[in-house]
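# Structure assessment
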Amino acid sequence: MSSLNRKLIQNLAETISKQVKHFNKTEVECLIRLFNGLMGDVAASGRAVHGLDRGRFRSILHNTFGMTDDMLMDGVFRAFDKDNDSFVSVREWTEGLSVFLRGTLAEKIKYCFDVYDLNGDGFISREEMFHMLKNSLIRQLTEEDPDEGIKDLVEITVKKMDHDHDGRLSFIDFEKAVKEENLLLEAFGTCLPDAKSILVFEQQAFQDPSER
């Protein structure tokens, strides 16, 4: 790496680390280098590069964190892509990973709600619950008509989590339900990494560059 590149990365890490919780400056530098590595072949092609596109980002979720649900991987992409430009920038990458890997319960509640709010209207509707539960449970159901079982599950979930009884989940409903019962955090499917995946990712991402 040229000394100019190193200096640019250090300056960017300095700026981002002041705004991102849970990572120190050295860790942010490592994440920027990892991001640049993931972008490398795209950048080398000479095309204008805005960040990680949906396909590349989803392949990271699948290959690194074992995620398989297309609907939820799209939701994770949207939760990272804060400016909705269809790319995850280096800043969005670092900010997203700080919650994804090390977030507080409050941060993870907001993140999971954003993932589950499929159309971005600020609510998780019965229809959205149905699609997510169907996606995550269909492999486990052996009934002839699994839709009926999923509809029943949606009704049970609404009854348990819909505190203002308007037939859908607002952020306040979701937050209250999860704080009362933490297991409801990923009620509609896995969108956070498990402890083993986090450990493996961090060991690889945060090792000294000279050891690679």
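A quick note: this is a predicted structure, and the numbers were derived from the prediction, not measured.

Here the focus is the overall build of the protein. Along the backbone of the protein there are 10 helices and four strands. Seen in sequence order, the protein has helices and strands lined up from the N terminus as α-α-β-α-α-β-α-α-β-α-α-β-α-α. Looking at the protein as a whole, 41% of its 212 residues are labelled buried. When contacts within the protein are restricted to residue pairs at least 6 apart in sequence, those whose partners lie at least 24 apart make up 60%. For the protein, the accessible area works out to roughly 11600 Å², and carbon and sulfur atoms hold 51% of it.

Before going further, it helps to spend a moment on the environment of L97. Relative to the elements of secondary structure, L97 occurs in helix α5 (residues 90-102). On the basis of relative accessible area, L97 is assigned to the buried category, the value being 2%. Separated by 75 residues in sequence, L97 and H22 have C-alpha atoms that sit 9.4 Å apart. Contacts of L97, omitting those with residues within four sequence positions, involve F23, L31, F80, R102 and F201.

Below, the discussion takes up the side chain of E202. By secondary structure assignment, the location of E202 is in helix α10 (residues 195-205). Apart from the residues within four sequence positions on either side, E202 is in contact with L101, R102 and Q207.

A separate point is the environment of T94. Here T94 is to be found in helix α5. Since its relative accessible area comes to 0%, T94 is described here as buried. Along the backbone, T94 and V28 are 66 residues apart, and their C-alpha atoms lie at a distance of 7.0 Å. Not counting residues up to four positions away in its chain, the partners in contact with T94 are I16, V20, F23, V28 and L31.

In this numbering, the UniProt entry assigns the feature "domain: EF-hand" (unreviewed entry) to residues 68-103, 104-139 and 149-184. Helix makes up 64% of residues 149-184 and strand 6%. Its end C-alpha atoms lie 19 Å apart.

Most often, soluble globular proteins have nonpolar side chains that are buried together. Core analysis: the biggest nonpolar cluster contains 57 residues, and V76, F100, Y111, Y116, F174 and F188 have the highest contact counts within it. Excluding residues that lie within four positions of it along the chain, F174 makes contacts with I109, C112, F113, Y116, I124, M161, L184, L185 and F188.

The full count for this structure, using the stated rule, is 12 aromatic pairs. Ring centres of F80 and F100 lie 5.9 Å apart, and the angle between their planes is 75 degrees; on these two criteria the pair is classed as edge-to-face. Taken together, the positions of F80 in helix α4 (residues 70-80) and F100 in helix α5 put the pair 20 residues apart, joining distant regions of the chain. In this pair, the class of F80 matches that of F100, namely buried. Measuring from centroid to centroid gives 5.3 Å for Y116 and F188, while their planes differ by 90 degrees, and the two rings are edge-to-face. Residue Y116 is located in helix α6 (residues 105-116), and its partner F188 is located in the loop between α9 (171-180) and α10; the two are separated by 72 residues in the primary sequence. Each member of the pair Y116 and F188 is classed as buried. Clustering of aromatic rings is evident, with ring pairs tying together F57, F65, F77, F80, F100, Y111 and F201.

The next thing to look at is the packing of α6 against α9. In the contact formed by α6 and α9, the axes pass within 10 Å of each other and the chain directions differ by 130 degrees. The angle between α6 and α9 places the two elements in the oblique class. Crossing geometry of α6 relative to α9 is assigned as right-handed. Residues L105, I109, K110, C112, F113 and Y116 of α6 lie in contact with α9, whose contacting residues are F171, F174, E175, V178 and K179. In terms of residue class, the contact of α6 with α9 is built from eight nonpolar, no polar and three charged.

With that out of the way, let us pick up unusual backbone geometry. The phi angle at N84 is positive, at roughly 55 degrees, despite the residue not being glycine. Structurally, N84 is set in the loop between α4 and β2 (87-88). By relative accessible area, N84 is classed as exposed at 62%. Within the chain, S86 stands out as a residue other than glycine whose phi angle is a positive 70 degrees. Residue placement: S86 occurs in the loop between α4 and β2.

Scoring rules and cut-offs
- Residues numbered from 1 in each chain as written.
- Predicted model: local features only at pLDDT ≥ 70, side-chain atom pairs only at ≥ 80, totals over all residues.
- Heavy atoms only, no water.
- Helix = DSSP H or I, 4+ residues; strand = E, 2+ residues; numbered from the N terminus.
- Buried < 20%, exposed > 50% of the residue type's maximum accessible area, 1.4 Å probe, protein only.
- Contact = heavy atoms within 4.5 Å.
- Areas by Shrake-Rupley, 256 points an atom, 1.4 Å probe, with all protein chains shown as cover.
- UniProt positions renumbered as here; feature names shortened; annotations may be inferred.
- Core = buried A, V, L, I, M, F, W, Y, C linked by side-chain atoms within 4.5 Å.
- Phe/Tyr/Trp six-rings, centres within 6.5 Å; stacked < 30°, edge-to-face > 60°.
- Axes fitted to C-alpha atoms, helices over the stretch in contact; angles between N-to-C directions.
- Parallel < 35°, antiparallel > 145°, perpendicular 65-115°, else oblique.
- Left-handed = near helix turned anticlockwise from the far one by under 90°.
- Nonpolar A, V, L, I, M, F, W, Y, C, P; charged D, E, K, R; others polar.

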